[in-house]
Amino acid sequence: MKHSFILLIFLSSNLLFSKDYYTYFLGGQSNMDGYGYNKDLPETLAGEMEDVMIFHGNTEKDNVAETDGRGIWSSLRPGHGVQFSSDGLVNTYSNRFGLELTFAQAMKEFHPDHPVALIKYSRGGTSIDSAAARHFGCWEPDFVGTSGINQYDHFLATLRYAMAVRDIDGDGEEDRLIPMGILWMQGESDGAATEEIAFRYMDHLKRLMDLMRAALHVDKLPVIIGKISDSGNDKDGKVWDHGELVQYAEEKYVRTDARAAIVRSTEKYKYSDPWHYDSAGYLDLGEEFAKALINLLKN
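In this report, the structure presented in the accompanying data block is examined.

Reading the values: rules and limits
For every chain, the first residue of the written sequence is number 1, and numbering continues from 1 along that sequence. Note on the predicted model: pLDDT of at least 70 is required for a residue's local features to be given, and 80 or more for side-chain atom pairs to be given and counted; whole-chain, interface and lining totals, by contrast, use all residues. Side-chain descriptors were evaluated using all non-hydrogen atoms of the structure, hydrogens and water having been removed beforehand. Here the nonpolar core consists of buried residues drawn from Ala, Val, Leu, Ile, Met, Phe, Trp, Tyr and Cys, with membership extended through side-chain atoms lying within 4.5 Å. The buried label applies to any residue whose accessible area, calculated with a 1.4 Å probe on protein chains only, is under 20% of its type's maximum; exposed applies above 50%, and partly exposed to all values in between. In this description a helix means any DSSP run of H or I spanning at least four residues, a strand means any run of E spanning at least two, and both kinds are numbered starting from the N terminus. For this analysis, residues touch if any pair of their heavy atoms sits within 4.5 Å. Strands are labelled as partners when DSSP assigns at least two bridges between them. We call two N or O atoms a polar contact when they sit within 3.5 Å, provided that within protein one can donate a hydrogen and the other can accept it, with sequence-adjacent residues counted only if both atoms are side-chain atoms. The positive count covers Lys and Arg only, the negative count covers Asp and Glu only, and His and the chain ends enter neither. Whenever a carboxyl oxygen of Asp or Glu lies within 4 Å of a side-chain nitrogen of Lys or Arg, that contact is scored as a salt bridge. Axis definition: a line fitted to C-alpha atoms, limited for helices to the stretch in contact. Angles are taken between N-to-C directions and run from 0 to 180 degrees. By the definition used in this description, the sense in which the near helix is turned from the far one sets the handedness, with an anticlockwise turn below a right angle giving left-handed and a clockwise turn giving right-handed. Note that Gly is not counted as nonpolar here; it falls among the polar residues with everything else outside the nonpolar set of Ala, Val, Leu, Ile, Met, Phe, Trp, Tyr, Cys and Pro and the charged set of Asp, Glu, Lys and Arg. Roughly parallel means an angle under 35 degrees; roughly antiparallel, over 145; roughly perpendicular, 65 to 115; everything else is oblique.

### Examining the nonpolar core
Phase 1: Formed by 79 residues in total, the largest nonpolar core has its most connected members in Tyr 24, Phe 103, Trp 184 and Met 212.
Phase 2: In terms of residue count, helix 8 (residues 279-298) provides more of this core than any other element does, 9 residues in total.
Phase 3: If near-sequence neighbours (up to four positions away) are discounted, Phe 103 is found in contact with Tyr 24, Leu 118, Leu 183, Gly 286, Glu 287, Phe 289, Ala 290 and Leu 293.

What follows is the structure, given as structure tokens:
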């Protein structure tokens, strides 16, 4: 049963590890994918990042014959935004980036003695509620559709692929991945459908985060939620017709979970189109996710 799946991270004290990588999962929909342009990056973020590895799972829609999530461990560099892909052997980088660059940079500065590992799986347009999935897909763990495969299944497959690699940096010695947090940027699709779907978001978000914590084998793993915002670039002045209900649910979730926090800086961001932040927004978003997580870790 997929809901009883427990990811083994091999913490045996009898094993010797080359490095302990502090590990973070990045998930959600398109504003987690990232629509920043690589050409807008400062020189300090334009190349490969030392001591930061990323496993970026290949995305796939629901109702397919088998799960995806294929990827490889590689040094973090620009190109992990929208249109990134992997066949499990080679990564195909895009001309876009997401919050991963500034987030990793900040966490590396906070924990200078521990290298950073990112596991990313996100898919644009996806909802949690299956009733809002359309052709993009949903994260509802019990959604079966025609094949029984949904975005939560692709997430689990991504973790399996990532954790199956014992030497993620290729130095010939086994590494240990230590889960330190979940970053979640999603909710726009649930806020764009119906009022009933938006009202259900709180319960769906809580259940999904609890299941992700279980999959990473840390019950109180910190969760950082990116609060959705609205560009207002629509004929009625609202892109997400019921977005305020999702925003309320996100705020309620972090008030009721002592190991969760929220990033609110999104309300001030500019947009490159009606749905996605501009490059400056993604640079700031990574920093704000890091600040929120660091505050939780300090406490």
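Now that the structure has been shown, we can carry on.
### Quick word on the pairing of strand 9 (residues 176-185)
The side chains of a regular strand alternate, first on one face of the sheet and then on the other.
Phase 1: Most of strand 9 sits inside the fold, with 8 of its 10 residues counted as buried.
Phase 2: Looking at chain direction, strand 1 (residues 20-28) and strand 9 are connected through 9 bridges and run parallel. Across the sheet, residue Gly 28 finds its bridge partner in strand 9, namely Met 185.

### A few points about unusual backbone geometry
Phase 1: One non-glycine residue, Asp 51, lies in the positive phi region at around 60°.
Phase 2: For Asp 51, the position within the fold is in the loop between strand 2 (36-37) and strand 3 (52-56).
Phase 3: The exposure class of Asp 51 is partly exposed, given its relative accessible area of 34%.
Phase 4: Of note, His 217 is a non-glycine position whose phi angle comes to about 65°, a positive value.
Phase 5: Note on placement: His 217 falls in the loop between helix 6 (201-215) and strand 10 (223-226).

### Quick look at the environment of Ser 130
Phase 1: For Ser 130, the position within the fold is in the loop between strand 8 (116-122) and helix 3 (151-163).
Phase 2: By relative accessible area, Ser 130 is classed as partly exposed at 33%.
Phase 3: When the C-alpha atoms of Ser 130 and Gly 170 are compared, they prove to be 40 Å apart, with 40 residues separating the residues in sequence.
Phase 4: If sequence neighbours within four positions are ignored, Ser 130 has contacts with Cys 138, Glu 140 and Phe 143.

### Some details on the environment of Lys 238
Phase 1: With respect to the element layout, Lys 238 can be found in the loop between strand 10 and helix 7 (243-256).
Phase 2: Of the residues examined, Lys 238 reaches a relative accessible area of 30% and is grouped as partly exposed.
Phase 3: When the C-alpha atoms of Lys 238 and His 114 are compared, they prove to be 43 Å apart, with 124 residues separating the residues in sequence.
Phase 4: Ignoring sequence-local partners within four residues, the contact set of Lys 238 consists of Asp 230, Gly 232 and Glu 244.
Phase 5: Looking at Lys 238, its side chain comes within polar contact range of the side chain of Glu 244, at 3.1 Å.

### Overview of the side chain of Arg 123
Phase 1: Within the secondary structure, Arg 123 sits in the loop between strand 8 and helix 3.
Phase 2: It is Glu 60 that comes nearest to the buried, bridge-free Arg 123 among opposite-charge side chains, at 5.1 Å.
Phase 3: Setting aside chain neighbours within four positions, we find Arg 123 in contact with Gly 28, Gln 29, Ser 30, Asp 33, Thr 59, Glu 60, Lys 61, His 135, Phe 136 and Gln 151.

### Observations regarding the packing of helix 2 (residues 100-110) against helix 8
Phase 1: Contact geometry of helix 2 with helix 8 gives a least axis separation of 7 Å together with a crossing angle of 35°. The hand of the helix 2/helix 8 crossing is right-handed. Residues Thr 102, Phe 103, Ala 106, Met 107 and Phe 110 of helix 2 pack against Tyr 282, Leu 283, Gly 286, Glu 287, Phe 289, Ala 290, Leu 293, Ile 294, Leu 297 and Lys 298 of helix 8.
Phase 2: A class-by-class count of the residues in the contact of helix 2 with helix 8 yields 11 nonpolar, 2 polar and 2 charged.

### Some points on the packing of helix 6 against helix 7
Phase 1: Relative to each other, helix 6 and helix 7 sit at 50°, their axes nearing to 9 Å. One element, helix 6, and the other, helix 7, form an angle in the oblique class. In terms of crossing hand, the pair formed by helix 6 and helix 7 is right-handed. Packed against helix 6, whose contacting residues are Tyr 201, Met 202, Leu 205, Lys 206, Met 209 and Arg 213, the element helix 7 presents Val 246, Ala 249, Glu 250, Lys 252, Tyr 253 and Thr 256 at the interface.
Phase 2: In terms of residue class, the contact of helix 6 with helix 7 is built from 7 nonpolar, 1 polar and 4 charged.

### A look at the pattern of salt bridges
Oppositely charged side chains can form a pair if their charged atoms are brought close together.
Phase 1: Counted by the stated rule, this structure contains 16 salt bridges.
Phase 2: Here Arg 213 ties to Asp 210 by a salt bridge, and the two come within 3.6 Å at their closest N and O atoms. Here Arg 213 pairs with Asp 210, and both are found in helix 6, just 3 residues apart, close to one helical turn.
Phase 3: The class of Arg 213 is buried, set by a relative accessible area of 3%.
Phase 4: Between Arg 213 and Asp 257 there is a salt bridge, and its shortest N-O distance comes to 2.8 Å. One end of the pair, Arg 213, is in helix 6; the other, Asp 257, is in the loop between helix 7 and strand 11 (260-263), with 44 residues separating them in the sequence.
Phase 5: Note on Asp 257: relative accessible area 14%, which makes it buried.
Phase 6: Put simply, Lys 206, Asp 210, Arg 213 and Asp 257 are held in one network by salt bridges that share partners.

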